[in-house]
Structure formats: C-alpha cells, structure tokens
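A closer look at the structure
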Amino acid sequence: MEPSVNARWVDAQVTEVSEEPFYLPVRDEVAVFEAAYARRLPVMLKGPTGVGKTRFLRYMAWRLGRPLVTVACHDDLTASDLLGRYLITGGETVWIDGPLTHAVRIGAICYLDEIVEARKDTTVVIHPLTDDRRRLRLEKTGELLVAPPEFMLVISYNPGYQSLTKNLKPSTRQRFVAIDFDFPPPDLEVEIVAHESGVDREMARRLVKLGGLIRNLRDAGLDEPASTRLLVYAGLLIHSGIAPRRACELAIAAPISDDPAVREAVLDLVATVFAE
Amino acid sequence: MLRSVLKRLRAPEPVAEQPGQHAVVELAELETVLALYVRALSAGSLRIAAGPSGTRSPATDGRAVFLPPALPARPSLEGARRRYRLMAAWAVLQARTGCLELAPLPPESPASALAWYELLHGEWVDRRLAREWPGLAPFLAELRREELVARQARRSASNGLAEQVLRHLLDLPLHPPAASTVTSELPPALLEGQVWERLLGALDGADPEPLRELALDLAARMLALEHPLDLPAYRARIRPELLARRPLFEAPELPDRPVGPTLDRPAARRGDPLVVEARSPAQVPQRARGSGRGGRHAVQLSLGDREAPPTLARLTPLSEAEKAGASLYPEWDCWSGSYLPDWCAVRETRARGGNVDLVERILRQHRPLVQHLKQQFEALQPERLRLTRQLDGDELDLAAIVEATADRRAGLSPGEKLYSRTLERERSIALACLVDLSGSTGAWIDDDPRNEQVIEVTRRALVFLCEALSVLEDRYAIFGFTGTTRKQCQIRIIKGFDEPYGAEVKGRIAGLSPGAYTRIGPALRHVSGILARQPARLRLLMLISDGRPNDFDGYGGRYGIEDTRRALLEARQRGLATFALTIDAEARDYMPYMHAHLSLGAGAASAYRERAVSHRMTTRVSAYAAVLSVCGA
C-alpha cells in the first residue's frame, strides 16, 4: 500500500474533534451512547433532519477522544466506496482503503449518515461488523479485518421522509441500538438557538415558539417541519441585522415547503409571532 | 311623494355601485391557508368551518372555529385577510385557555352573567393574545381603537353600565399591566367593593377563573343588562348552544336509523344475506328529488322479502322502438335459472357538465391529502429508464467499456460500472370505474357525523382518484350509471379512456347528480365490454355503489343481487379483475355474496387508510381502493 495515496483519499472524511462541540443533552443519550461504546454495540440515530444528530456524534467523538469518519450516503454509494478498491497509478495497481475499512483499521467512530440512501446491497456489507464477530472481510484483497475495541459503527436514519421503496431492512435495523432524536424541549431549544446564533433569549424564545407552531403542521402537508437548524439559521440572519420577519421568511418559510398554501400559512405564523 | 321620487332620480348613483366598495373576501379563498394556520396555533385540535351566512363574528365550540363566510375587503384585501387571521387566532386562544368552560355561571340570571363574562373574558383574551402572539398585537390595538371611536360616536347606547365598562377597558393600552393604569370618570357602581380593581387585576391574570366570579358579581349588581351588548366583531362569541352540542361531536350516538313501520331489522337479524329491503317504487323518485335534509328521514325501507316470481310484464321482450339505438344485454333470471336474452337496453350519453369550482373546492379543502396520495402513487410509478454505467445489468455499456479501457491504457484506474439496464414500463393497465348514480345516492349517510350525501362522497372519491392517477400513465375511464327499467338503462360517460383529465372532466364530476334506479347488471355488462376491448395486460373494473341493486320493474332483492353477481362473474370470466366499493354500512350484509368489497363508511375508511395508504399499498388494486377509501375520512 502506498501511504500517500491512501492518506489523500480518506483524509477528507476523517475528523479529529479537538474542541468541545456545543451540545446540550436532552435525555440520557450521552450515557446510552457511552454504554454502547463500552459494550461495543453499534448505534442508530433516528430522527428528523436538523435536530442535532450529527452534532451529537461530533460531541461524543470528542468526549470519547476518537476520530470520526463520516460518510454521507447517496444512492450511488457502492460497497467498494465503503470498503475500498484497486486504483491504477502509473501502471501499478494499488489497493486503497475505503472510509469504513480505514475506520476499522484506526479504531475510529464510523458514521454512515442517511444510510437508507445507499444501495440496498451496500448496507449488507456492514452486517458482519455489527454483530459480535466485528469483522470486515475484503473480498478483493482476501484480507480479514477484526475491528479493534475502539471502533464503533453509527448510522443515522430519518424515518420521516423516506419513500416506501427506501426503508431500512429489518435485518439491518435490528442490529443497532436506536437512540431517538426529536426536536428538543422548548427551554433547551431556546438555549441552543441563543448559543448557536448569538441572538438574545427573548428572540430565541420567539423563534422557538414559531418552530413549535410550524411543527404542528407536521402531518398537514409538511413532511419535515422547521428544524432546530433552521431556527438557528434564522437567528443568525437576525443577529446579522436582518429584520426578524424577513429572516424567518428566508430561513424558515422558503426552505420548508414548495406548497404555496403551506408557505403562506407559515408566513402567517411568522407574522403572528413577530411584529413588523 | 312625487318630489321624493324625483329627488331620488336625480341623486347620484349610490356609492355602493362603485367597484371595490362591495368587494368581499370569501372564506373559501383563504380556507386552505387558514385551516393550516388554525391547525398550527391549536396544535391540531381545532379545524375551521364557515359559520352561517351573514355572521360577522367568529365562534367556536371547542372543536371547530366557525368563521364568517365572507368579510368586506376593507380597507383592502390584505386587511380582510388579517382580520380573518386575527379572528381565527382569537378563537383558538379562547378555546385553548379554558374560557369556554361556563360551568359556574348561574342558572338564575344566565343571560346577564354570560354577557358580562363575554365582555370581561374578551378583554382578557385580547391581552393574552397580545402577549402570546405579539405579531398580532399592533393590528389588535388598531381594531380596539377603531372600536372605541365607533362606540364614542354612537350616543344612544352610552348609558349602559356594560357599555361604559367596555369603553373604559378599550381605552386601556394592551401592553402595560392593566392594574397600573389609572382611569377616571368611572361609574359609581364599579367603585363600590373594589370591583374595578379586582377587574383590572383579573385582566392581568393567567387564568380566566376570577373573571367568572366577577361576571356573577356584576350581573348580581345590575340584575340584567339594559341592552344586549354589541361586542367587537373580531371576537369569537360564546355560544352556549354550540357548546352544548359538543358531546354530539364526541359520541356518535345519533338516533339510530329511523325505524318506521319497516321490518328490515328482523330480516337482517335472520342473517340471510339474500333478504334485502327493497324500497317501494313510489318513494324513490321522491328521495331523488328531495335534496334537503328531509331526505334522510325519507329513507323508509320496506321489507322486500323473497318477492313474487316474475310478473307478466317481465316476460315481454323489448319492442323494436325500445331497442333502437341501444346496446342490448341479457339478464340472469334467478327464478328460472336462465338468461333472458336481449333483455336490457343500455344507452350511452355524455355526463352533463357542472361547476368546476366544486372540484377545485374539494381540491383546496383536501390539498395535503391529495398531495400525499400523489406522492404515494409516485412510488408506484415504474421507472422506464435505460440506466447506463451500472454495476450489473443485462447488457454491456459500450461507452463505459471504451472509457475504462482508455483509462487503463493511460495508467488510470478504470471504472467499474460497465453495464446498462433497461427498466421496463409497459402501459398495460386499464381501469374502468363504474359509479352508481341512482336516486339512493342522494341519501344522507347516517353514520357520518358530517351528514353528507352519498353522491358527495362519490364525487370526492372520483376527484381523489383522478388526481392520484394523474401522476401515473394508467389509462382509465369513468362511467356513471342510472336508469329507469330495463328499457332505459343509461351509462353516462364521465371520462372516456382517451380523454385527458381536465376542466371538462372535472366539470362532469362536479355535475354528477342522483338519477333514478340502480340496475347494476346491464351497466356492468356494458362497461366490461368496453373494458375488455382495451389493449392492456391488466384490466380492472371497479364498481362504486351504495349497494343495493334496485329498479322499478322488480329488479331488486334477490333477483337484483343474483343478476349483479352473475354480471360480475361474467366480467371475471372475460379476464377482468373486478372489485367493488360500497358506501353503505349495511352492504356488508349482502355485498360479500356478490363480491369481495370494501366499505366506504366513515369509520372503516379511516382505518383502511391507515393500513393501506401508508404501508400495504403495493399493488395497483389496493392503491386505487385506498384512494377511494380515504374520501370517507
């Protein structure tokens, strides 16, 4: 193996989390995650977009002092993309580890974000890593890797917007400890929005109130209602001097839905919470 | 007299004629958005509905917010929109804060206490609203100022104590706590016993409870209000009669189906699926005509026990005149166990068009649901794509191979995706939907709290179906059937196989109206003939009916059921897949005998929707059925 090529290829996905990321625990998720890590159980983070799944994982990687390998799954992601492949460099064939293989080798936390987006056959390659064998077989090189104790596999999964055809197979999902994520309770969310965006408590409180109202539309035409992330974005715009109503229109109403009626209703809610 | 007439003639045109002056904003235009708005504010617990025409102010019964059906567009359209929004928010807050719990109001002087309470709690809700939803506060303050000015301009009612209290309260600002505000010139009745201080204190409170006590106190002092107080129009009225209706929404213990001098219950209890009630012919046209609520009570069914064997009239063949221009079909005579050849004359006509707005309205009202259905149907959409650069596939992808070879020659890593694959999409499904338009579809659905007519449910079902199918390329047609006797069976074409779903078809769906009788057999035979000629691999025949086969000339009871069953069997023998949906709770007694079916009754529908639409909607049939079943929900 030629280290330079290898390093170049996988570096992009590996992060050493050196500074403590801001994360406010909602329930016992930190303790659960630590227990799972200690017992070498794979973890599944379930929940809608923008509620802090990725942030939580960065926080945990920092807490546990492990590097984090993140793979954003997409529908063209193949098993080779995870495991590695032979590349030809100057007439020579070189094996390059994929991010999963690399994470196993260095004992990192491997995070497969939105795993259902990946091709069905891809998810199967993680199976032997998730049970007590914790092994990874590289067919092409004939290598059999045994994961070190520090290695941990984490997947995220958003049950909300996946279509019927894209659902996690029971045989996959039942290999994980599932931690449910939902929008944080209002008090906590106020803290989060205030901290992340820099707006004052009062403004954060109103943003959170707006978020709460919009989330009531969850089953009425909105698949993914205003996430904490969107509230933070609106807060950032407000903090930079954009008028609150306009900021919410830009950061919340517009991204949330293309349905004109829903958008109009959201704008009405904005006008209800924020005066001109 | 004459002079005044002349004067009037000379007078300029009344301002009312100017365009824009009488412009109104109708609730229907804003319905979709307001419904979402109310849903969001009330965490999904309230819906909106139009109040009776002419109402100026909102009301709520704790389940729905009743809004005026129209508001004048003053000062502008946007102004009316804001007013609607404020009204809705006001009513939501009223329902949410427990203001509607009227229990401690006294029985001895209820009207006066209620009026006082309405006044006080109105002020309380105003303040609470401004705090809770500050975006609405400026507009609310504006309306309060307008209200005060209008009241001060009105001299006549100024002497009432309630009116004075209201004016004083309207004069107070919304924002600083009311208790800190000093008001002079109070009527002496309020200064005794610290009523005014208590009142101001209660207005700042988080709980409407003290207001009730105060209302009792004030009512006792005043005994009765001199005039019924005219409260600001943006506030939701307390309507005890609406609140009293609340349990009615919760427990569907409506009076049972009217049981007149009929014997159909014992018949059903006998468990004989073949004994169904046949209406006496005289009643049916009456029901068909009676579109009012009375129709519901007119559903008096008489026992059609095993009716008399064929009468002489039934054995007379059709005359040449009766056959002219018609397609002829046989009918199964269960009494003799044989077909009666060329027995029924079926004629096709285009369905009449109606007001397309009706369809648009359905779409507006159910937009999220329709959207959801479309998405679900998209999942059924097979992809017909030539997928290139695949990891596996039926063919080699030459372009990819050339590239990979070149890469390898160049010393680069060759691509791995060397195959191509074609996903087939055959346009091989044809759906014919046959809709019952008999007089009985004008009946009201008994077990449905909304009291809809069967035809309305049918119409909604068709709109949903068409919308959902518009995302697929399945070919489909919709036929309605009705008729009077075997000589005049009618098929109304609502949508032909080759017609697009557009304004014309929508108009025809809107124009559906109950006709006469339900002679299902010939209609089924006719439409299955049309369907069988469609080039498709899978042909589906779907029957939407309110159930009972029935016609004037003895086509009812067992005879009708047997013929319908036979017609469905024939369709299946022709290779058509058939299924039936009924909008009638009783249909479960006899439908299984004719066919496996799904009930469109209100309760069954929502349960079915949960199951079918979200999870098991894997086949076309169940998908169509699911679409239709949601219309009852």
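**Here's the deal with the overall build of chain A**
The helix and strand inventory of chain A stands at 13 helices and 10 strands. Looking at chain A residue by residue over its 276 residues, the buried ones come to 52%. Taking the intrachain contacts of chain A between residues at least 6 apart in sequence as the baseline, contacts between residues at least 24 apart amount to 73%. As presented, chain A carries roughly 12300 Å² of accessible surface, and 50% of it is formed by carbon and sulfur atoms.

**Looking at the overall build of chain B**
Looking only at helices and strands, chain B has 25 helices and 16 strands in total. A burial count over chain B gives 51% of its 633 residues as buried. Carbon and sulfur atoms form 54% of the exposed surface of chain B, whose accessible area is close to 29300 Å².

**So, the sheet that holds strand 9 (residues 395-396) of chain B**
Residue and element names in this part refer to chain B. Strand order in the open sheet made by the 3 strands is 8-10-9, with antiparallel pairing throughout. Because the sheet does not close on itself, it has two edges, and the strands there are strand 8 (386-390) and strand 9. Here 2 bridges tie strand 9 to strand 10 (residues 419-422), and the two strands are oriented antiparallel to one another. Bridge pairing links leucine 396 to tyrosine 419 in strand 10.

**Some points on the side chain of Asp563(B)**
Residue and element names in this part refer to chain B. Relative to the elements of secondary structure, aspartate 563 occurs in helix 22 (residues 557-573). Using a relative accessible area of 0% as the deciding quantity, one classes aspartate 563 as buried. Within the local environment of aspartate 563, its side chain forms a polar contact with the side chain of arginine 525, the two groups lying 2.8 Å apart. With residues near it in sequence (within four places) discarded, aspartate 563 still touches Glu331, Trp332, Gly521, Pro522, Arg525 and Tyr555.

**Structural notes on the pairing of strand 12 (residues 475-484) of chain B**
Residue and element names in this part refer to chain B. Of all 10 residues that make up strand 12, 9 are buried, and the element is covered over most of its length. Where strand 11 (residues 429-436) lies against strand 12, 7 bridges are found, and the strand directions are parallel. Across the sheet, residue cysteine 433 finds its bridge partner in strand 12, namely isoleucine 478. Pairing between strand 12 and strand 13 (residues 488-495): 7 bridges, direction antiparallel. Of the residues in strand 13, the one forming a bridge with glycine 483 is cysteine 489. Connecting strand 12 to the next strand, strand 13, in antiparallel fashion are 3 residues, including threonine 485 with a positive phi near 60°.

**Considering the packing of aromatic side chains**
What describes a pair of aromatic rings is the distance from one ring centre to the other and the angle between the planes of the rings. Residues and elements named next belong to chain A. Going through the model one piece at a time under the given rule, you end up with 7 aromatic pairs over all chains. A centroid spacing of 5.5 Å and a plane angle of 90° characterise the contact between phenylalanine 33 and phenylalanine 56, whose relative ring orientation is edge-to-face. With phenylalanine 33 in helix 2 (residues 29-38) and phenylalanine 56 in helix 3 (residues 53-64), this pair connects stretches of sequence that are 23 residues apart. Here the two residues phenylalanine 33 and phenylalanine 56 agree in accessibility, since each one is buried. Relative to phenylalanine 181, the ring of phenylalanine 56 lies with its centre 5.2 Å away and its plane at 55°, an arrangement referred to as tilted.

**A closer look at helix 5 (residues 137-153) of chain B**
The end-to-end C-alpha distance of helix 5 of chain B is 24 Å, a good match for the 24 Å that 17 residues give at a rise of 1.5 Å each. Residues of helix 5 of chain B that are buried: Ala137(B), Phe139(B), Leu140(B), Leu143(B), Arg144(B), Glu147(B), Leu148(B) and Arg151(B).

**Points about the interface of chain A and chain B**
With 36 residues of chain A at the contact, the number on the chain B side is 33 residues. Counting each side, the surface lost to burial between chain A and chain B is near 2700 Å², with a carbon and sulfur contribution of 56%. Inspection of the region where chain A meets chain B yields 5 salt bridges. Our count for the chain A to chain B interface comes out at 9 residue pairs in polar contact (both at pLDDT 80 or more). Counting residues per element, the ones that place at least two in the side of chain A that touches chain B are strand 4 (84-89), helix 10 (201-215) and helix 13 (260-273) of chain A.

**A word on the packing of helix 2 (residues 27-41) of chain B against helix 3 (residues 77-96) of chain B**
Residues and elements named next belong to chain B. The N-to-C vectors of helix 2 and helix 3 enclose an angle of 35°; their axes lie 10 Å apart at closest approach. Relative to helix 3, helix 2 is oriented so that their crossing is right-handed. On helix 3, the residues that touch Leu27, Leu30, Leu34, Tyr37, Val38 and Leu41 of helix 2 are Arg81, Tyr84, Arg85, Ala88, Ala89, Val92 and Arg96.

**A word on the pairing of strand 11 of chain B**
A regular strand places its side chains so that they alternate between the two faces of the sheet. Residue and element names in this part refer to chain B. Buried residues dominate strand 11, accounting for 8 of its 8 residues. Alternating residues of strand 11 divide into Ile429, Leu431, Cys433 and Val435 and Ala430, Ala432, Leu434 and Asp436, and every residue in both groups is buried. In the sheet, strand 11 pairs with strand 14 (residues 538-545) via 7 bridges, with the strands oriented parallel. Across the sheet, residue valine 435 finds its bridge partner in strand 14, namely isoleucine 544.

**Here's the deal with the pattern of salt bridges**
For the structure on display, the rule yields 41 salt bridges over all chains. Salt-bridge contacts for Glu264(A) lead to Arg81(B); the nearest nitrogen and oxygen are separated by 2.5 Å. Placement of Glu264(A) in helix 13 and of Arg81(B) in helix 3 is noted, with the two residues assigned to different chains. According to the relative accessible area criterion, Glu264(A) is partly exposed, its value standing at 29%. One salt bridge connects Arg96(B) with Glu132(B), and the closest N-O pair in it is separated by 2.6 Å. On the criterion of sequence distance, the pair formed by Arg96(B) in helix 3 and Glu132(B) in helix 4 (residues 110-132) is long-range, its members being 36 residues apart. Of the residues examined, Glu132(B) reaches a relative accessible area of 17% and is grouped as buried. Three or more residues are tied together by salt bridges with common partners; here these are Glu264(A), Asp268(A), Glu78(B), Arg81(B) and Arg85(B).

**Topic: unusual backbone geometry**
Residue and element names in this part refer to chain B. A positive phi is found at arginine 389, a non-glycine position, where the angle reads about 55°. Mapped onto the fold, arginine 389 is located in strand 8. Its identity is not glycine, yet threonine 485 carries a phi of approximately 60°, on the positive side. Positionally, threonine 485 belongs in the loop between strand 12 and strand 13. Of the residues examined, threonine 485 reaches a relative accessible area of 14% and is grouped as buried.

**As for the packing of helix 2 of chain B against helix 16 (residues 356-365) of chain B**
When two helices pack together, you describe them by how their axes are tilted relative to each other and by the distance separating the axes. Residues and elements named next belong to chain B. Following both chains from N to C, one finds helix 2 and helix 16 inclined at 25°, their axes separated by 9 Å at the closest point. Here helix 16 runs roughly parallel to helix 2, going by the angle between their axes. For the pair formed by helix 2 and helix 16, the contact residues are Ala28, Glu31 and Thr32 on the first element and Arg361, Arg364 and Gln365 on the second. Its residues assigned to classes, the contact of helix 2 with helix 16 comprises 1 nonpolar, 2 polar and 3 charged.

**Re the sheet that holds strand 4 (residues 64-67) of chain B**
All names here are of chain B. Pairing within the open sheet is mixed, and its 3 strands lie in the order 2-4-3. Two strands lie at the open edges of the sheet, namely strand 2 (47-50) and strand 3 (59-60), each paired on one side alone. Strand contacts of helix 2: strand 2 and strand 4, with the helix running at about 160° to strand 2, the strand carrying the most contacts. In this fold helix 3 packs onto strand 3 and strand 4, with an angle of close to 145° to the strand it touches most, strand 4.

**Observations concerning the confidence of the model for chain A**
Here chain A shows a mean pLDDT of 85. Residues at 70 or above account for 92%. Segment residues 1-11 of chain A is flagged for pLDDT under 50; beyond a separation of four residues in sequence, or across chains, it makes 17 contacts in the model.

**Focus: helix 20 (residues 503-510) of chain B**
All names here are of chain B. For helix 20, a buried count of 6 out of 8 residues is recorded, marking the element as mostly surrounded by other parts of the structure. Where helix 20 is concerned, the buried positions are Val505, Lys506, Gly507, Arg508, Ile509 and Ala510. Those residues of helix 20 that are buried lie in contact with strand 7 (338-350), helix 16, helix 19 (454-469) and strand 13.

**Considerations on the environment of Pro48(A)**
All names here are of chain A. Structurally, the position occupied by proline 48 is in the loop between strand 2 (43-46) and helix 3. Take proline 48: its relative accessible area is 11%, and that puts it in the buried class. Separated by 132 residues in the primary sequence, proline 48 and aspartate 180 place their C-alpha atoms 9.5 Å from one another. Apart from the residues within four sequence positions on either side, proline 48 is in contact with Lys53, Asn158, Phe181, Asp182, Phe183 and Glu224.

**Overview of the environment of Glu499(B)**
All names here are of chain B. For glutamate 499, the position within the fold is in the loop between strand 13 and helix 20. When the C-alpha positions of glutamate 499 and arginine 475 are compared, they lie 9.4 Å apart, and in sequence the two are 24 residues distant. Beyond its immediate sequence surroundings of up to four residues, glutamate 499 is in contact with Arg350, Ile493, Ile494, Glu504, Val505 and Arg508. Separated by 2.9 Å, the side chains of glutamate 499 and arginine 508 make a polar contact.

So, how was this worked out
- Residues numbered from 1 in each chain as written.
- Chains lettered and ligands numbered in written order.
- Predicted model: local features only at pLDDT ≥ 70, side-chain atom pairs only at ≥ 80, totals over all residues.
- Heavy atoms only, no water.
- Helix = DSSP H or I, 4+ residues; strand = E, 2+ residues; numbered from the N terminus.
- Buried < 20%, exposed > 50% of the residue type's maximum accessible area, 1.4 Å probe, protein only.
- Contact = heavy atoms within 4.5 Å.
- Areas by Shrake-Rupley, 256 points an atom, 1.4 Å probe, with all protein chains shown as cover.
- Pairing = 2+ DSSP bridges.
- Polar contact = N/O pair within 3.5 Å; in protein donor to acceptor, adjacent residues only side chain to side chain.
- Phe/Tyr/Trp six-rings, centres within 6.5 Å; stacked < 30°, edge-to-face > 60°.
- Expected span 1.5 Å × (residues − 1).
- Buried area = accessible area lost by both parts, 1.4 Å probe.
- Salt bridge = Lys/Arg side-chain N within 4 Å of Asp/Glu carboxyl O.
- Axes fitted to C-alpha atoms, helices over the stretch in contact; angles between N-to-C directions.
- Left-handed = near helix turned anticlockwise from the far one by under 90°.
- Parallel < 35°, antiparallel > 145°, perpendicular 65-115°, else oblique.
- Nonpolar A, V, L, I, M, F, W, Y, C, P; charged D, E, K, R; others polar.
- pLDDT = per-residue confidence, 0-100.

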